[in-house]
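Structural characterization, general
Residue strings, one per chain:
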Amino acid sequence: MSGVRGRVVSRDGTEIPYERYGDGRAVVLVGGADGSGRALAGLLARRFSVVTYERRATAAVEREIEDLAAVLEAAGPGAAVHGTETGGVLALAGAAAGLPVDTVSVYEPEPLADGLVAAVHARVLVVDGGASPVETRHAARALTAALPRARHRTLTGQTHEVAPHVLAPVLEEFLDEPV
């Protein structure tokens, strides 16, 4: 799978490489600590314009929010954001910080501060794996309950290492709903 490559410049002058795949409504994928997401991008690119980018390895959350802001600007108005693990935390932190995002989905994000959660006004889908540890599933449900406009979905048989072909249709359904 090859995409259109580009670069954006974050607020502090750092260049952030990105790739765009497919056509349609823009969806920015914010990967977890391992930077994976290529398979999910390929599946979603059948219906959406999917933008992936390289996260900084050691940046503070504020810098990463600035990076996400630059990528969202390149993605265009109305872009949705999906984050996995630490990427989910960043997606929600960006929404709480006022980035122009009205649709966010997250897969098993790490726990968030209550003040951050209350500031998220985007429509949110929180997804977890049915075979993930019980603490992870409880955390996903608690996050859903704390967010003003969220709903929850459990993917039967999935673990923290979710299969992209199982997650993609759930995200497509959510992204297709009117905002």
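These notes cover the structure that comes with them. The structure displayed is predicted, hence computed values, not measured ones. Throughout, a residue's number is its position along its own chain's written sequence, starting from 1. Owing to the predicted nature of the model, reporting of local features is limited to residues with pLDDT of at least 70; listing and counting of side-chain atom pairs is limited to 80 or more, with chain, interface and lining totals taken over all residues. To obtain the side-chain values, all non-hydrogen atoms of the structure were included, while hydrogens and water were left out.

Salt bridges are defined as contacts in which a side-chain nitrogen from Lys or Arg sits within 4 Å of a carboxyl oxygen from Asp or Glu. The tally for this structure, following the rule as stated, stands at 14 salt bridges. The partner of E19 in a salt bridge is R5, and the shortest N-O contact between them spans 3.6 Å. Here the residue E19 occupies a position in strand β2 (residues 15-21), and R5 occupies one in strand β1 (residues 4-9), the gap between them amounting to 14 residues. Three exposure classes are used, based on accessible area relative to the maximum for each residue type with a 1.4 Å probe and protein chains only: buried under 20%, partly exposed in between, and exposed over 50%. Relative accessible area serves as the criterion here: at 66%, R5 is assigned to the exposed category. As a salt-bridge pair, R123 and E177 come within 2.9 Å of each other at their nearest N and O atoms. Here R123, found in strand β7 (residues 123-129), pairs with E177, found in the segment after α6 (164-176); they are 54 residues apart in sequence, far enough to count as distant. Its relative accessible area of 24% is what places E177 among the partly exposed residues. Each helix is a run of DSSP H or I of at least 4 residues and each strand a run of E of at least 2, with the numbering of both proceeding from the N terminus.

Now for unusual backbone geometry. Most peptide bonds take the trans form, and the phi angle of most residues other than glycine is negative. The residue E85 is not glycine, and still its phi comes out positive at about 55 degrees. On the basis of relative accessibility, which here comes to 13%, the residue E85 falls in the buried class. The phi dihedral of E108 is positive, around 45 degrees, even though this residue is not glycine. For E108, a relative accessible area of 3% translates into the label buried.

Packed helices, taken two at a time, are described by their axes: the angle between them and the distance between them. Interaxial distance between helix α2 (residues 61-75) and helix α3 (residues 86-96) falls to 10 Å at its minimum, and their mutual angle equals 80 degrees. On the basis of the axis angle, α2 is roughly perpendicular to α3. Residues V61, E64, I65 and L68 of α2 touch α3, and the partners they reach there are L90, A91, A93 and G94. For this scheme, ten residues count as nonpolar: Ala, Val, Leu, Ile, Met, Phe, Trp, Tyr, Cys and Pro. Four count as charged, namely Asp, Glu, Lys and Arg, and the remainder, Gly too, count as polar. Here the residues of the contact of α2 with α3 are counted per class, giving 6 nonpolar, 1 polar and 1 charged. Between the N-to-C directions of two axes lies an angle of 0 to 180 degrees, each axis being a line fitted to C-alpha atoms and, for a helix, fitted only over the stretch in contact. Between 65 and 115 degrees an angle is taken as roughly perpendicular, under 35 as roughly parallel, over 145 as roughly antiparallel, and anywhere else as oblique. Only heavy atoms matter for contacts: two residues are in contact if any of them lie within 4.5 Å across the pair.

A few words now on the sheet that holds strand β8 (residues 150-155). Sheet strands pair via backbone hydrogen bonds, and the direction of the pair is either parallel or antiparallel. Between any two strands, pairing holds if DSSP finds at least two bridges. The strand order β1-β2-β4-β3-β5-β6-β7-β8 describes an open sheet built from 8 strands, whose pairing is mixed. Two strands lie at the open edges of the sheet, namely β1 and β8, each paired on one side alone. Put simply, the sheet's adjacent strands are angled 20 degrees from each other on average, direction ignored. Note that strand β5 (residues 80-84) and strand β6 (residues 103-107) share 4 bridges and pair parallel. Counterpart to G83 in the pairing with β6 is V106. In the packing of α3 onto the sheet, contacts are made with β3 (26-30), β4 (49-53), β5, β6 and β7, and the angle to β5 comes to roughly 145 degrees.

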